[in-house]
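Structural characterization, general
Residue-level listing of the chains:
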Amino acid sequence: MLSAAGLKLRELDGVGVMAGPGSFTGVRTGLATAKGFCEAVGLRLAAVSRLEVLAGAAGLEAGFAALDAGRGQVYVREQRSGERGMEYLLGVEELVARAGGQRVVVAEEKLLEPLSGVQPVLRALRPADMLGPVRRCFAAGGTDVAWADANYVVPEDQIYRRLAAGRVKDEDGPRT
């Protein structure tokens, strides 16, 4: 991409990267590559949430942005007017109950049917949708390259537990 644009890595002001949630391997690979570029030539980093990008792309001031998390769960960003969004993991049924009549935006067609009870709006993401969140991140000082990590909404130890055992243990006991 840089070659096609006639640029060299050193000529950039910074690197913007989507830090998740998303594919475990894809998020880790993208973030590691972006961090490597930044470390190699001293660039600034802006690591942004995919849920934040979706909410911004859809113009969501109040309501929910949701991404498929697999196993009947969704990554959710709850947006309230004038407030910073909160991100968490919910079951599909929990989101339907919590959303009530509020707007729900999704980026994947496969969520339209499971969330049909709240009439979700499909808004596919494009690379250009990252510009606003990346610019805001840079304006706030950027992301510390050394501390930038993947955003899986749930604690990292739960992710590894799922990958290792194929199950998650919560207050109600194990579930698959």
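Residues numbered from 1 in each chain as written. Predicted model: local features only at pLDDT ≥ 70, side-chain atom pairs only at ≥ 80, totals over all residues. Heavy atoms only, no water.

Quick look at the overall build of the protein now. Each helix and strand counted, the protein has six helices and nine strands in total. Within the protein, the proportion of its 176 residues that are buried is 39%. Contacts in the protein between residues far apart in sequence, at least 24 positions, make up 55% of those at least 6 positions apart. (Helix = DSSP H or I, 4+ residues; strand = E, 2+ residues; numbered from the N terminus. Buried < 20%, exposed > 50% of the residue type's maximum accessible area, 1.4 Å probe, protein only. Contact = heavy atoms within 4.5 Å.)

Here we take up the sheet that holds strand S5 (residues 86-91). With mixed pairing, five strands are arranged side by side in an open sheet as S5-S4-S3-S6-S7. At either margin of the open sheet sits one strand with a lone partner, and together these are S5 and strand S7 (121-122). Taken together, the six bridges between strand S4 (residues 73-79) and S5 define a ladder with antiparallel strand orientation. Paired with Val76 across the bridge in S5 is Tyr88. With respect to the sheet, helix H3 (residues 50-57) is in contact with strand S3 (63-70), S4, S5 and strand S6 (104-106), its orientation differing from that of S3 by roughly 135°. Contacts from helix H4 (residues 92-99) reach S3, S4, S5 and S6 within the one sheet, and its direction differs from that of S5 by about 120°. (Pairing = 2+ DSSP bridges. Axes fitted to C-alpha atoms, helices over the stretch in contact; angles between N-to-C directions.)

In this section: the packing of aromatic side chains. The geometry of an aromatic ring pair is captured by two quantities: the separation of the ring centres and the angle between the planes. The tally for this structure, following the rule as stated, stands at one aromatic pair. With a centroid separation of 5.4 Å and 25° between ring planes, the pair formed by Phe24 and Tyr152 is classed as stacked. One end of the pair, Phe24, is in helix H2 (residues 24-41); the other, Tyr152, is in the loop between helix H5 (131-139) and helix H6 (156-165), with 128 residues separating them in the sequence. Residue classification places Tyr152 among the buried residues on the basis of a relative accessible area of 4%. (Phe/Tyr/Trp six-rings, centres within 6.5 Å; stacked < 30°, edge-to-face > 60°.)

Among the five residues of strand S2 (residues 44-48), four are classified as buried, and the element is accordingly described as predominantly covered. Across five bridges, strand S1 (residues 14-18) lies against S2 in parallel orientation. Considered in S2, the bridge of Gly16 is made with Ala46. Read as a crossover between parallel neighbours, the route from S1 over H2 to S2 is right-handed. (Right-handed = clockwise from strand over helix to strand, strands pointing away.)

It is worth spelling out the pattern of salt bridges at this point. Should the charged atoms of two oppositely charged side chains come close, the side chains can pair. One pass over the full model with this rule turns up eight salt bridges. One salt bridge in this structure joins Arg50 and Glu108, with 3.5 Å as the shortest N-O distance. Of this pair, Arg50 sits in helix H3 while Glu108 sits in the loop between S6 and S7, and the two are 58 residues apart along the sequence. What makes Glu108 buried here is its relative accessible area of 15%. The network of salt bridges with common partners includes Arg123, Arg126 and Asp129. (Salt bridge = Lys/Arg side-chain N within 4 Å of Asp/Glu carboxyl O.)

Take the confidence of the model for the protein next. With 88% of its residues at a pLDDT of at least 70, the protein reaches an overall mean of 89. Looking at the elements of the protein, mean pLDDT is at its lowest for strand S9 (residues 173-175), recorded as 46, and at its highest for S6, recorded as 98. (pLDDT = per-residue confidence, 0-100.)

Moving on, we get to the side chain of Glu78. Topologically, Glu78 is positioned in strand S4. Residue Glu78 is classed as buried on the basis of its relative accessible area of 10%. Ignoring anything within four residues of it in the chain, the contact list for Glu78 reads Gly63, Phe64, Gly85, Met86, Tyr88 and Arg98.

As a further point, take H2. Between its terminal C-alpha atoms H2 stretches 26 Å, which fits the 26 Å expected from 18 residues at 1.5 Å a residue. All of the buried residues in H2 are Val27, Leu31, Ala34 and Cys38. Viewed end-on, H2 has its buried residues packed into an arc of 65°, placing them on one side of the element. Opposite the packed face of H2, turned more than 90 degrees from it, sit the exposed residues Thr25, Glu39 and Ala40. Summarising the contacts, the buried residues of H2 are in contact with S1 and S2. Positive backbone phi, approximately 75°, marks Gly42, located one or two places after H2. (Expected span 1.5 Å × (residues − 1). Arc of directions from axis to C-beta.)

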